[in-house]
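Listed here are the chains, written in short residue letters.
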Amino acid sequence: MNEFIHQFGPNTVDGLRVGAIYALVALGYTMVYGVLRLINFAHSEIFMIGTFASMFVLSNILGLSAPLSGLAAIGVLLLMMAFSAAVSGGSAVLLEQVAYRPLRKRGGTRLAALISAIGASLFLQEFFKLVVIKPMTGIPGTNEVPTPRLVDRDVVFTIGNAEVRTDHLIVIIAAVAMMIVLDQLVNRTRIGRGIRATAQDPEAATLMGVNIDTIVRVTFLLGGAMAGIAGALYVLEFEIIKYNIGFVLGIKAFTAAVLGGIGNLRGALLGGIALGLIENWGAIFLGSEWKDVIAFAVLVLVLMFRPTGILGESLQRARA
């Protein structure tokens, strides 16, 4: 118990920063499922593409060699997030057009779409491994590339024995801000009403003049953009990229979406933060090597005992 008390503060901070990234990626899963009833397992690779886009900004566009501070750091972070969001969002739209739309037009089953998603995921992993990672490192078998440090990791304040650093605050604040923006966009704008109407009743939405193809495209664009921003924050926090970086993190983000209530945007936020805290608190007792086991155990338990998640409301049941 003394060990738990001693590590509670630091592990809570770690849980919040990791959970914020889970939540951003989970938004893509929950939006696509809400509109199409499709589990987009290739979404984890959209996140991976966002990390590579962030690396490109830091290393190739800016040639960053030392950490920045003040307005310069904020400006570079915004540039990195915007570029990653654009690249990941565009990749998600392309993925929908290549892997999902042809099946949807031909009346393909959800199983066919799921198989297509898995194939697209494996293709993207191997493509980046051979075309990007290998030329970048020049070392066969290497799958990790370090990224430049954007900001110094200064301690801003402490709570008990928990240190809250600059990078922690940036990740948490930026992630929550992006999720609030997306929530307001879906609930208060015309395109958001179209997304909710399509999720609730596609045929009725079509009769009311909603272009379903446009709505699906925008849904993938927004979900991909959130994954790209998550990729930028991941690079800021962990300073590494890998071709398979999205595999485990993507499953955890899916777990967060299910935990919060898949199809529920606010549930994705709640599920991501909750999962980050649960796995980090559990690691106090079992060790950090058990984090993945804890996260996947949460997925199994939620599916067994509360498959609708904590909030339980989906876009299909939301009022348009």
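Each chain has its residues counted from 1, following the order in which its sequence is written. In view of the model being predicted, local features appear only for residues whose pLDDT reaches at least 70, and side-chain atom pairs are presented and counted only at 80 or more, with totals across whole chains, interfaces and linings using the full set of residues. Each side-chain value is worked out from all heavy atoms of the structure, with water and hydrogens disregarded.

> Would you mind showing me how to read the packing of aromatic side chains here?
Aromatic ring pairs: the centre-centre distance and the angle between the two ring planes describe each pair. Two aromatic rings from Phe, Tyr or Trp, using only the six-membered ring of Trp, form a pair when their centres are within 6.5 Å; if the ring planes differ by under 30 degrees the pair is stacked, by over 60 it is edge-to-face, and anything between is tilted. Under the criterion given, the structure shown has ten aromatic pairs. Judged by centre distance (5.6 Å) and plane angle (90°), the rings of Phe47 and Tyr234 are edge-to-face. Taken together, the residues Phe47 in helix α2 (residues 43-61) and Tyr234 in helix α8 (residues 212-238) connect sequence positions 187 residues apart. With a 1.4 Å probe rolled over the protein chains alone, any residue whose accessible area is under 20% of its type maximum counts as buried; one over 50% counts as exposed, and the rest are partly exposed. Look at Phe47 and you get buried, because its relative accessible area is 0%. Given the relative accessible area of 13%, Tyr234 is considered buried. Three or more aromatic residues joined by ring pairs form one cluster here, namely Phe52, Phe123, Phe127 and Phe128. Numbered from the N terminus, helices here are DSSP runs of H or I no shorter than four residues, and strands are runs of E no shorter than two.

> Explain the pattern of salt bridges to me, please; I cannot follow it from the model alone.
As a working rule, side chains carrying opposite charge can pair if their charged atoms are close by. The salt bridge definition used is simple: a Lys or Arg side-chain nitrogen within 4 Å of an Asp or Glu carboxyl oxygen. Following the criterion strictly, the structure yields 14 salt bridges and no others. Across the pair Glu96 and Arg104 runs a salt bridge, and its minimum N-O distance is 3.2 Å. By relative accessible area, which is 29% here, Arg104 ends up partly exposed. Asp213 serves as the salt-bridge partner of Lys105, at 2.9 Å between the closest nitrogen and oxygen. You can see Lys105 sitting in helix α3 (residues 70-105) and its partner Asp213 sitting in helix α8, a full 108 residues away along the chain. Taking the relative accessible area as the measure of exposure, Asp213 reaches 21% and is therefore partly exposed.

> Help me understand a nonpolar patch on the surface in this model?
Taken together, Phe56, Ile61, Leu62 and Leu79 make up a surface patch of nonpolar side chains, about 340 Å² in accessible area. Following the sequence through the fold, Leu62 ends up in the loop between α2 and α3. Residues enter patches when they are more than 30% accessible in relative terms and free of salt bridges; like-charged ones are connected within 9 Å and nonpolar ones (Val, Leu, Ile, Met, Phe, Trp, Tyr) within 5 Å. All accessibility values rest on the Shrake-Rupley procedure with a 1.4 Å probe; residue burial counts only the protein chains present in the view.

> What should I look at first to understand the UniProt feature "transmembrane region" (unreviewed entry) in the protein in this one?
Feature annotation in UniProt assigns "transmembrane region" (unreviewed entry) to the following positions: residues 20-39, 46-66, 72-95, 168-186, 215-235 and 293-312. A distance of 28 Å separates the end C-alpha atoms of residues 46-66, which is 76% helix and 0% strand. The span residues 293-312 shows a helical share of 65% and a strand share of 0%, and its end C-alpha atoms are spaced 24 Å apart. UniProt positions are given in the numbering used here, feature names are shortened, and annotations may be inferred rather than shown by experiment.

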